Amino acid sequence: PDERMTAAELLDSNSGLLPPGAYDPQVQRILEALQRPGSTESVALVEALFARSEDVGKDAPYFERIFRAPDDNTEAEAEAEARDGLQQLLRETCRRHGTIYEVCPLMRPARTSADDAGRHGRPQLLDKDNTRVELRTNLTEPFARLGAARLAQAEPVEDSDRCSTSWTSKARRRYHTGTVYQNANGAQFGHPMEISSSVVQFLWHPSSSSSAPPPCGRMPAGSSSALAHEAELLHLLGEFLSAAGVAGPGGRLEMQLADT
């Protein structure tokens, strides 16, 4: 498979692998149009592809291959139950800390990544508007971009507002638990590998006068307030991992942090 020629190489007029009729100017014009997603020919071709319907006879083998159960399905069922239990535990823990559920984008316009080759490429699709998109391979990036967009639309906290409510309540606390997708060996019928994933995020506006303490004296400004938010987030994660029974020897939980 590593030596197999790509579609572009097979269609190259210099390869000599296709019959002479394939190099007809009309065929070449269509192939060139596909490289220009905004062209009339490219849009018309994609619309024609999405207008067709697949043979009904493909339905049965399609799902049989995907959901074919092994001889002993006990392990798979236990894993599904454990996954569901962890997701429920995360929801309960987040709600106790005032963190609410937030949607997370499923797709984004596809782009080439340096590590695609090592991960068999990102799961990619072509929508009916002729845009190449890719499924999310992690929750961190799309959730961070969504949170930044939400925070940019929110009003910054003024000094006069710090006495009305606790300064820590000004943090935007959100979480998401869902599925990420990766292409992997063994994927069948175009279905990527599905992996359960979760993300928890605390975001807040920096004060315009962070060097001065708040007039009410309830919570220090600047770095101190940031440390308070970070400490609660770590407490939330530690509480979840301890409740999930993944603590280390002696019931102690160790988390290694990086400044990323």
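A quick note: this is a predicted structure, and the numbers were derived from the prediction, not measured.

Asker: Quick question: what am I supposed to make of the overall build of the chain here?
Answerer: Across its full length, the chain carries seven helices and six strands. Counting from the amino terminus, helix and strand elements in the chain follow one another as α-α-α-α-α-β-β-β-β-α-β-β-α. A total of 260 residues make up the chain; the buried ones form 23% of that total. Surface summary for the chain: the accessible area is close to 17800 Å², and the carbon and sulfur share equals 54%.

Asker: Explain the environment of Ala51 here, please?
Answerer: Position of Ala51 among the secondary structure elements: in helix α3 (residues 40-51). Placed 77 residues apart in sequence, Ala51 and Lys128 show a C-alpha to C-alpha distance of 9.2 Å.

Asker: Looking at this structure, how should I read the pairing of strand β4 (residues 132-135)?
Answerer: Note on strand geometry: in a regular strand, side chains alternate between the two faces of the sheet. With three bridges joining them, strand β2 (residues 107-109) and β4 adopt antiparallel strand pairing. Bridging from a neighbouring strand, Arg108 pairs with Glu134 of β4. Bridging between strand β3 (residues 124-126) and β4 involves three bridges; their strand directions are antiparallel. Note that in β4 the partner of Leu126 across the bridge is Arg132.

Asker: How should the side chain of Thr93 be read in this particular structure?
Answerer: Among the structural elements, Thr93 can be located in helix α5 (residues 74-96). Residue Thr93 is classed as buried on the basis of its relative accessible area, which comes to 0%. There is a polar contact of 2.8 Å between the side chain of Thr93 and the backbone oxygen of Leu89. Not counting residues within four places of it along the chain, the set of residues in contact with Thr93 comprises Leu236, Glu239 and Phe240.

Asker: Would you explain the sheet that holds strand β5 (residues 172-182) in this entry?
Answerer: Pairing between the strands of a sheet comes from backbone hydrogen bonds, and it takes one of two forms, parallel or antiparallel. One open sheet accounts for three strands, arranged β1-β5-β6; its pairing is mixed. At either margin of the open sheet sits one strand with a lone partner, and together these are β1 (100-101) and β6 (193-203). Judged from the two bridges that link them, β1 and β5 form a sheet pairing that is parallel. Its bridge partner lying in β5, Ile100 is registered against Arg174.

Asker: Teacher, can you tell me more about the packing of aromatic side chains here?
Answerer: The way to describe two aromatic rings as a pair is by their centre distance and the angle between their planes. Taken as a whole, this structure holds one aromatic pair when the rule is applied. When the centroid spacing of 5.6 Å and the interplanar angle of 80° are considered together, the rings of Tyr101 and Tyr175 count as edge-to-face. Within this pair, whereas Tyr101 is found in strand β1, its partner Tyr175 is found in strand β5, the two being separated by 74 residues in sequence. The buried category is assigned to Tyr175, whose relative accessible area is 1%.

Asker: Before we go on, may I ask you to explain the pattern of salt bridges in this structure?
Answerer: As a working rule, side chains carrying opposite charge can pair if their charged atoms are close by. In the structure shown here, the tally under the stated rule is seven salt bridges. A salt bridge links Glu239 to Arg96; the shortest N-O distance between them is 2.8 Å. Of this pair, Glu239 sits in helix α7 (residues 223-243) while Arg96 sits in helix α5, and the two are 143 residues apart along the sequence. For Glu239, a relative accessible area of 23% puts it in the partly exposed group. The class of Arg96 is exposed, set by a relative accessible area of 54%. Salt-bridge contacts for Glu232 lead to Arg173; the nearest nitrogen and oxygen are separated by 2.9 Å.

Asker: What is the right way to read the sheet that holds β2 from this model?
Answerer: Spatial ordering of the open sheet is given by β2-β4-β3, a layout of three strands whose pairing is antiparallel. Both edges of this open sheet fall to β2 and β3, since each of them pairs with a single strand only. Each strand axis lies, on average, 35° off the axis of its neighbour in the sheet, ignoring direction.

Rules of the game
- Residues numbered from 1 in each chain as written.
- Predicted model: local features only at pLDDT ≥ 70, side-chain atom pairs only at ≥ 80, totals over all residues.
- Heavy atoms only, no water.
- Helix = DSSP H or I, 4+ residues; strand = E, 2+ residues; numbered from the N terminus.
- Buried < 20%, exposed > 50% of the residue type's maximum accessible area, 1.4 Å probe, protein only.
- Areas by Shrake-Rupley, 256 points an atom, 1.4 Å probe, with all protein chains shown as cover.
- Pairing = 2+ DSSP bridges.
- Polar contact = N/O pair within 3.5 Å; in protein donor to acceptor, adjacent residues only side chain to side chain.
- Contact = heavy atoms within 4.5 Å.
- Phe/Tyr/Trp six-rings, centres within 6.5 Å; stacked < 30°, edge-to-face > 60°.
- Salt bridge = Lys/Arg side-chain N within 4 Å of Asp/Glu carboxyl O.
- Axes fitted to C-alpha atoms, helices over the stretch in contact; angles between N-to-C directions.

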